[in-house]
Amino acid sequence: MNIARLSIILVTLAIPYSMMAQIDTTNRYNESVIVVSGFDPVISDAFKINDKPFIKDTVVPAPKFEYTISPYKATTEYSPMTINPAKVTGEPLTKLYRNLIKAGFGNYTTPYLEVFLNNTRSSKYALGAHYKHLSSYGKIKDYAYSGYSDNEANLYSKFFFDKVTIESNLDYERNMVHYYGFLPSENPTFVYSNDDLKHILNYYGFSTLFSTNNTRPKSWKQSYLIKAHYFNDNYKVNEVMGGFEGKISKKMNLFKFSDNQTLNIDLSTDYFNNKMDTLGVLDNTLIKVSPSLSTFYKEYYLSVGFKAVVRTRTGNTSDFLFFPTLEARLVLVPKIISIFAGFDGDINRYSLHDISKTNPFISPFINLTYEHEKNKIYGGIQSSFSKQLDLKIDMNTSQVDGMLFFINDTSSALMNQFTTVDDQLTKFNVNAFITFMKEEKLSFILRTSYFQYSTKTESNPWHIPSMVFSLTSNYNLQNKMIFRVDGMITSGSIARTKDKIGNMINQSIKTTIDFNLGFEYRYSKLLSGFVNINNISANRNYYFYQYPTQRLNFIIGVSYSFGGDTLKKKK
């Protein structure tokens, strides 16, 4: 057994050496192996492993900890850095000019002059003066001489004090027209001069307004106006008026259902003294007291009050009038759409000065009354679609006593003067306004009004249109060229006059279409030129029966500013 094992071992050891011998032979190397001693291979004893296999669990149980937290407030200190106030740089001041002169000339021999004199920036006062002249010496075909002259002068001031602001105005107006409303060819026997047809109107006015500057929310806000005027014409008719107006308001907390309420009290007194050559002297006094209380509650607004009026007239006893007032408003969409409705009434005295401005062709001997409006009901909707576009539609109905109408004076053969008649009526009126304004570049105002009257004595509301449409628009192109369009369309007016036989008739006045264009080119900040074209359709319009207006007329002129202030640079 041992000999066999030894043989195998020797063969095994001989194989590599044989290979090495071959390699060495190839490499031409010769090596020899010398065995020093004998080799006795022994196999060690084997022992059986008796350990049993087992599966080790891989889930490690979480250790349990028990701990407590002791609260401790860490003391920290922080010192903020000082921040310097921001430096706000305002817009640069625009240079203002104290004086402006505008002058022009047009067809129909029409000179025009207007002057403005003012102080520049001041935190203490504002002073100014204004003068305007516009006249025309042209003629209207087939009619008597129609020249006119309008002059106006104003002095105004405004003083700013800590607690009150005082404004004052001095006004003078001189207007001259001719009673040109007849055809000389149809009245060959009437001998006259242009001076015989003149009607000269003079007005002197004064007013002073005191208003408080208190801006605290719950303080009394007050304003008081003192006013007076003297008016006369070349037919020895005059009017003296003196008046007072006061407005007081204060926010109060009378009821808990709303945050606050506002108490408003309006006071006014007007005294008129009219002297007519044939009617004598007329004295009239009107005293009004109008308290009201208004409040907001969420989307609701409510105002409740009344007007108490005392009226005195020459040859009549004093009478007392009472008008309840109520207005409610509901906001449907905040800052966009709201609806409103109300109940009101009022009474006012017709002023000879206001009537003459409406119709300068009046007779020196007209009837003056009180206009007493009662049971007025109104309502409407108002919307602001955006910051630029506003819309308002409203309607009202009321009963009016003593409303004046102009009629041709049929006691004169020429019937070229107007007198007045008054009547009781029921009035219905609908108005629509659209206003658009985009910064200072584009703006326009559209207004449409419809009137319906049911008279008691008179067959028609003489010289009052049933439809009125007006437009006012401006377009500013890069503050260099300014375009203007404005005008009016009226229809439905009826006049009362006589025919050639002497019978009283109703005469319809055709629709008036009167639109004007204006253009201004600013050559510089100081100098500019302008063109105003009136009645571009060249219609012969009649606002009053037998009184046609001029056809297309224009004025070309320049304007110049001077006397600018000096702007000081801040260090």
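Residues numbered from 1 in each chain as written. Predicted model: local features only at pLDDT ≥ 70, side-chain atom pairs only at ≥ 80, totals over all residues. Heavy atoms only, no water.

Caption draft 1: Seen up close, the overall build of the chain. Helix and strand content of the chain: 2 helices and 26 strands. Every one of the 571 residues in the chain was classed for burial, and the buried ones make up 33%. Of all intrachain contacts in the chain linking residues separated by at least 6 positions in sequence, the fraction that spans at least 24 positions is 56%. For the chain, the accessible surface area stands at approximately 37800 Å², while carbon and sulfur atoms represent 60% of it. (Helix = DSSP H or I, 4+ residues; strand = E, 2+ residues; numbered from the N terminus. Buried < 20%, exposed > 50% of the residue type's maximum accessible area, 1.4 Å probe, protein only. Contact = heavy atoms within 4.5 Å. Areas by Shrake-Rupley, 256 points an atom, 1.4 Å probe, with all protein chains shown as cover.)

Caption draft 2: Representation of a nonpolar patch on the surface within the structure. Among the surface-exposed residues, Leu155, Leu170, Phe206, Phe210, Ile226, Phe244, Leu267 and Val289 lie close enough to one another that they form a single nonpolar patch of about 630 Å² accessible area. Within the element layout of this structure, valine 289 appears in strand S10 (residues 280-297). A relative accessible area of 35% means that valine 289 is categorised as partly exposed. (Patch = residues over 30% accessible without salt bridge, like charges linked within 9 Å, V, L, I, M, F, W, Y side chains within 5 Å. Salt bridge = Lys/Arg side-chain N within 4 Å of Asp/Glu carboxyl O.)

Caption draft 3: Quick peek at the packing of aromatic side chains. Counted by the stated rule, this structure contains 21 aromatic pairs. A centroid spacing of 6.0 Å and a plane angle of 85° characterise the contact between phenylalanine 406 and phenylalanine 544, whose relative ring orientation is edge-to-face. Taken together, the positions of phenylalanine 406 in strand S15 (residues 389-408) and phenylalanine 544 in strand S24 (residues 542-544) put the pair 138 residues apart, joining distant regions of the chain. Phenylalanine 544 shares its class with phenylalanine 406; the two are buried. Ring-pair connections join several aromatic residues into one group, and the members of that group are Tyr180, Phe361, Phe406, Phe418, Phe544 and Tyr547. (Phe/Tyr/Trp six-rings, centres within 6.5 Å; stacked < 30°, edge-to-face > 60°.)

Caption draft 4: Quick peek at the environment of isoleucine 556. Along the chain, isoleucine 556 falls in strand S26 (residues 553-564). What makes isoleucine 556 partly exposed here is its relative accessible area of 49%. With 24 residues separating them along the chain, isoleucine 556 and asparagine 532 place their C-alpha atoms 6.6 Å apart. Leave out the neighbours within four places in its chain, and isoleucine 556 touches Ala103, Gly104, Phe105, Phe530 and Val531.

Caption draft 5: Region of the structure containing the nonpolar core. If you look at the biggest cluster of nonpolar residues, it comprises 40 residues, and the most contacted ones within it are Ile355 and Met403. Secondary-structure elements contributing two or more residues to this core are strand S6 (198-212), helix H2 (352-358), S15, strand S16 (418-438), strand S17 (442-455) and S24. The greatest single-element share of this core, amounting to 6 residues, is contributed by S15. Leaving out residues up to four positions away in the same chain, isoleucine 355 has contacts with Tyr350, Ile362, Ile366, Leu368, Leu404 and Phe406. Ranked by size, the runner-up nonpolar core spans 6 residues in total, among them Leu286, Val309, Leu321 and Ile347. (Core = buried A, V, L, I, M, F, W, Y, C linked by side-chain atoms within 4.5 Å.)

Caption draft 6: Spatial organisation of the confidence of the model for the chain. Residues at a pLDDT of 70 or more form 85% of the chain, whose mean pLDDT is 87. Counting contacts from residues 17-29, a segment whose pLDDT is below 50, to residues more than four positions away or on other chains yields 3 contacts. (pLDDT = per-residue confidence, 0-100.)

Caption draft 7: Highlighting the layout of surface pockets. Approximately 750 Å³ is the volume attributed to the second largest pocket. As for the second largest pocket, its lining consists of 31 residues, and the residues nearest its centre are Thr358, Phe406, His463, Ile464 and Pro465. Every element with two or more residues in the lining of the second largest pocket is listed here: H2, S15, S17, strand S18 (467-477), strand S19 (481-491) and S24. Of the residues assigned to the lining of the second largest pocket, the class counts are 17 nonpolar, 10 polar and 4 charged. (1 Å grid on protein atoms, 1.4 Å probe; cavity = no way out; pocket = protein on both sides within 12 Å on 5 of 7 lines; lining within 4 Å. Points joined across faces, edges and corners; volume = space filled by probe spheres on them. Nonpolar A, V, L, I, M, F, W, Y, C, P; charged D, E, K, R; others polar.)

Caption draft 8: Up close: unusual backbone geometry. Despite not being glycine, glutamine 478 has its phi angle at roughly 55°, a positive value. Relative to the elements of secondary structure, glutamine 478 occurs in the loop between S18 and S19. Its identity is not glycine, yet glutamine 546 carries a phi of approximately 75°, on the positive side. Within the fold, glutamine 546 resides in the loop between S24 and strand S25 (547-548). You can call glutamine 546 buried: its relative accessible area is 17%.

Caption draft 9: Up close: the pairing of strand S21 (residues 504-508). Where strand S20 (residues 494-498) meets S21, 5 bridges bridge the pair, whose relative direction is antiparallel. Following the sheet pairing, alanine 495 is matched in S21 by glutamine 507. Once S20 ends, the chain turns through 5 residues before running back antiparallel as S21, passing glycine 502 with a positive phi of about 110°. (Pairing = 2+ DSSP bridges.)

Caption draft 10: Inspection of the pattern of salt bridges at higher detail. Applying the stated criterion to the full structure yields 17 salt bridges. A salt bridge links lysine 227 to aspartate 270; the shortest N-O distance between them is 3.7 Å. Taken as a pair, lysine 227 in strand S7 (residues 221-233) and aspartate 270 in strand S9 (residues 261-276) lie far apart in primary sequence, 43 residues in all. The salt bridge partner of aspartate 266 is lysine 247, with a shortest N-O separation of 3.8 Å. Taken together, the residues aspartate 266 in strand S9 and lysine 247 in strand S8 (residues 238-252) connect sequence positions 19 residues apart. Overall, aspartate 266 belongs to the partly exposed group, its relative accessible area being 31%. The exposure class of lysine 247 is partly exposed, given its relative accessible area of 46%. A cluster of three or more residues bridged by salt bridges with shared partners is formed by Lys288, Lys307, Asp344 and Asp346.

Caption draft 11: View of the environment of glutamate 114. Residue position: glutamate 114 is located in strand S2 (residues 110-118). Among the residues examined, glutamate 114 registers a relative accessible area of 11% and is labelled buried. C-alpha separation for the pair glutamate 114 and leucine 100, spaced 14 residues apart in sequence, amounts to 8.2 Å. Apart from residues no more than four positions distant in its own chain, glutamate 114 is found in contact with Leu100, Ile101, Lys102, His130, Tyr131 and Lys132.

Caption draft 12: Empty space enclosed by the protein, seen in detail. Applying the stated criterion across every chain, the model contains 2 cavities of 30 Å³ or more. The volume enclosed by the largest cavity comes to roughly 50 Å³. Every residue along the wall of the largest cavity is listed here: Glu173, Asn175, Leu201, Asn202, Tyr203, Phe231, His353, Ser356 and Lys357. Elements represented by at least two residues in the lining of the largest cavity include exactly strand S5 (164-178), S6 and H2. Tallied by class, residues from the lining of the largest cavity come to 3 nonpolar, 4 polar and 2 charged. Per-class residue counts for the lining of the second largest cavity are 6 nonpolar, 1 polar and 1 charged.

Caption draft 13: How the structure looks around the pairing of S18. Pairing of S17 with S18 involves 9 bridges; the strand directions are antiparallel. Note on S18: the bridge partner recorded for leucine 442 is tyrosine 475. In terms of strand pairing, S18 meets S19 through 11 bridges, oriented antiparallel. By the bridge assignment for S19, phenylalanine 469 is matched with isoleucine 489. Between S18 and S19, which pair antiparallel in sequence order, lie 3 residues; one of them, glutamine 478, sits at a positive phi of approximately 55°.

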